[in-house]
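# Coordinate analysis (summary)
Here is how the chains run, residue by residue.
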Amino acid sequence: MFIGDREIIEAALFAAGGPVDLATLKELVSKKKKTRAIVLSLIQEYKERQSGLDIIEVEGKYVMQVKPEYADQVRSVAPKELPSPVLRTLSMIAYHQPLLQSDLVEKRGNATYDHVKELEARGLISRSPEGRSRILTTTQGFAEYFGLRSSDPEYIKQKIIELVSEQGQTGLDKWLGVKPTVGVTMGYLSLMFLLGIDNFKVVEPYKPTEKEILRIKDVSKLVISKGYGEKVAEYFNGEIIEVQAVTFDDLLETIEKLSPLGNKGKVKAAVEKVSELKEQYLSKTPGITTRVKPATDMVARLITDMKLNVSAGGLLVAPDYGSSSEGVDISSGADILVPTHQNAADDIIKRVCQRYDAIINGIASGTSNGITNETDNGTANGIANETDNGTTNGTDNGIAEKDFKV
């Protein structure tokens, strides 16, 4: 079988896994004077073909690499990359270079010393003495690692500015290979484990302190309750994912939104589990004839999902948080109390189940106590759900319906 110079050069670029200079390629072929012409024709060919790869020139060297638009899809099978915190340190050096190591440590913390050592060992940065500190700059190896056409610091800085201006922090993170860090509130924490989302941190985005805002700005995506996006966007410019989990359908929609961040197997198992529970619970409600009266929109959504009969004289169903922020007593006098996040399980699936249980069990208890379809509400005592969930009527914790997180 005949093997030509063109095929040898293509194979060499593939096998190298990094930049190869022209002199090295010439040593592999018979027609050395035509080496550069062959490489340039390969570059053009890869540009024109519908392929996941391309060949680029980086300051006199040539590298075959995965096209940027396919990088995310193949990242899981690529060689082990730098950890996200180290990459963030590297991006700061690249943007601010030449940068004093002492200034970097002040911004990134003491872990930076280890980051710098790893980056220097990989040939991505260089350190030179500057008084009692060191000056940090990126190297030619940095340009090669990220497929840049130049190692000039100004060129690198402009590349970073371009990415951030067009795509925000997400664009920069993608280019660097930083795995997206998800910010999540305590109310949705169990979702991270349920869906196999392992790169996350718990945050408080609703009434954050200045310190908390700085922590939140370090994440790429933020999972918050529906309706808070506009408020949070005042200080956070990353991706905001608004979710809710009042009903089973809410939970399924939330899982779908977060599925790209999770483990495929765990996401599939979660969807199957929630769908099965939804079917089980809704199969219990067709025979219920007792009428109910929702106290809030949140409760109305549950009652609509359960297809219960609604009447102004029905059993009053209300959330268990007491008074709203406007001072209106929501819970007092209710026949059935639906547990909100403070009086429900931390596990989000159990939490949704408890709401359906509260209404179904509350109706059964109210009926057994002699309440008919035409009887107005007024029995606040002896409701089974109150005992089960540890709630009492008139609880005042100042949480309004609009503050209901999950």
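This is a predicted model, so every value here is computed, not measured. (Residues numbered from 1 in each chain as written. Predicted model: local features only at pLDDT ≥ 70, side-chain atom pairs only at ≥ 80, totals over all residues. Heavy atoms only, no water.)

## Digging into the overall build of the chain
Within the chain, the regular secondary structure consists of 17 helices and 14 strands. Taking all 406 residues of the chain together, 45% fall into the buried category. Carbon and sulfur atoms make up 51% of the accessible area of the chain, which totals about 20,900 Å². (Helix = DSSP H or I, 4+ residues; strand = E, 2+ residues; numbered from the N terminus. Buried < 20%, exposed > 50% of the residue type's maximum accessible area, 1.4 Å probe, protein only. Areas by Shrake-Rupley, 256 points an atom, 1.4 Å probe, with all protein chains shown as cover.)

## Regarding the nonpolar core
Leu191, Leu251 and Ile359 are the most contacted members of the largest nonpolar core, which has 43 residues in total. It is helix H16 (residues 348–368) that provides the largest number of residues to this core, a total of eight residues. Ignoring anything within four residues of it in the chain, the contact list for Leu191 reads Leu251, Thr254, Ile255, Leu258 and Ile348. Among the nonpolar cores identified, the runner-up in size contains 22 residues, and Leu87, Leu148, Ile156 and Ile160 belong to it. (Core = buried A, V, L, I, M, F, W, Y, C linked by side-chain atoms within 4.5 Å. Contact = heavy atoms within 4.5 Å.)

## Thoughts on the sheet that holds strand E9 (residues 221–225)
An order of E8-E7-E9-E10 is seen for the four strands of this open sheet, with the pairing classed as parallel. Looking at the sheet topology across the chains shown, the edges are occupied by strand E8 (200–202) and strand E10 (239–243). Shown here is a sheet whose adjacent strand axes are inclined to one another by a mean of 25°, direction ignored. Direction of pairing for strand E7 (residues 182–184) relative to E8: parallel, over a ladder of three bridges. By the bridge assignment for E8, Val182 is matched with Phe200. Taken strand by strand, helix H13 (residues 248–258) contacts E9 and E10, and its axis lies near 160° from that of E10. (Pairing = 2+ DSSP bridges. Axes fitted to C-alpha atoms, helices over the stretch in contact; angles between N-to-C directions.)

## As for the side chain of Thr112
Here Thr112 is to be found in helix H7 (residues 112–121). Among all residues touching Thr112, those that are not within four sequence positions of it are Thr89, Leu104 and Val105.

## Overview of empty space enclosed by the protein
For the structure on display, the rule yields one cavity of 30 Å³ or more. Of the volumes computed, that of the largest cavity is approximately 50 Å³. Forming the walls of the largest cavity are Lys226, Glu242, Val243, Gln244, Glu253, Thr254 and Lys257. (1 Å grid on protein atoms, 1.4 Å probe; cavity = no way out; pocket = protein on both sides within 12 Å on 5 of 7 lines; lining within 4 Å. Points joined across faces, edges and corners; volume = space filled by probe spheres on them.)

## So, the packing of helix H5 (residues 84–96) against helix H6 (residues 101–108)
Packing of H5 against H6 leaves a shortest axis separation of 11 Å and a crossing angle of 135°. As summarised for this structure, H5 and H6 are arranged oblique, according to the angle between their axes. Considering the relative orientation of H5 and H6, their crossing is right-handed. Packed against H5, whose contacting residues are Pro85, Arg88, Thr89, Met92 and Ile93, the element H6 presents Leu104, Lys107 and Arg108 at the interface. Looking at the contact of H5 with H6, its residues break down into four nonpolar, one polar and three charged. (Parallel < 35°, antiparallel > 145°, perpendicular 65-115°, else oblique. Left-handed = near helix turned anticlockwise from the far one by under 90°. Nonpolar A, V, L, I, M, F, W, Y, C, P; charged D, E, K, R; others polar.)

## Re the packing of H13 against helix H14 (residues 264–282)
In the contact formed by H13 and H14, the axes pass within 10 Å of each other and the chain directions differ by 170°. On the basis of the axis angle, H13 is roughly antiparallel to H14. Across the interface between the two elements, Phe248, Asp249, Leu251, Leu252 and Ile255 of H13 pack against Val267, Ala270, Val271, Val274, Ser275, Leu277, Lys278 and Tyr281 of H14. Of the residues that constitute the contact of H13 with H14, the class distribution is 10 nonpolar, one polar and two charged.

## Observations concerning helix H3 (residues 35–48)
Relative to the 20 Å expected for 14 residues at 1.5 Å per residue, H3 spans 20 Å between its end C-alpha atoms, a close match to the ideal helical length. Within H3, burial applies to Thr35, Ile38, Val39, Leu42, Ile43 and Tyr46. Across the axial projection of H3, the buried residues extend over an arc of 140°, all falling on one side. When the buried face of H3 is taken as reference, the exposed residues oriented beyond 90 degrees from it are Ala37, Lys47 and Glu48. (Expected span 1.5 Å × (residues − 1). Arc of directions from axis to C-beta.)

## Digging into the confidence of the model for the chain
On average, residues of the chain score 80 in pLDDT, and 80% of them reach the 70 mark or higher. Here residues 368–406 is modelled with pLDDT under 50, and outside its nearest four sequence neighbours on either side it reaches 100 contacts, counting other chains as well. (pLDDT = per-residue confidence, 0-100.)

## Details of the pattern of salt bridges
A full pass over the atoms with the stated rule returns nine salt bridges. Arg6 serves as the salt-bridge partner of Glu45, at 2.3 Å between the closest nitrogen and oxygen. Here the residue Glu45 occupies a position in helix H3, and Arg6 occupies one in helix H1 (residues 5–16), the gap between them amounting to 39 residues. Judged by relative accessible area, Arg6 falls into the partly exposed class, the value being 29%. A salt bridge links Glu120 to Arg127; its shortest N-O distance comes to 3.0 Å. (Salt bridge = Lys/Arg side-chain N within 4 Å of Asp/Glu carboxyl O.)

## Quick notes on H7
Listing the buried residues of H7 in full gives Thr112, His115, Val116 and Leu119. Taken down its axis, H7 places every buried residue within 95° of arc, on the same side. Away from its buried face by more than 90 degrees, H7 exposes Asp114, Lys117 and Ala121. In this structure, the buried side of H7 is in contact with H5, H6, strand E5 (125–130) and strand E6 (133–138). Two residues or fewer past H7, Gly123 is found with a positive phi of approximately 75°.

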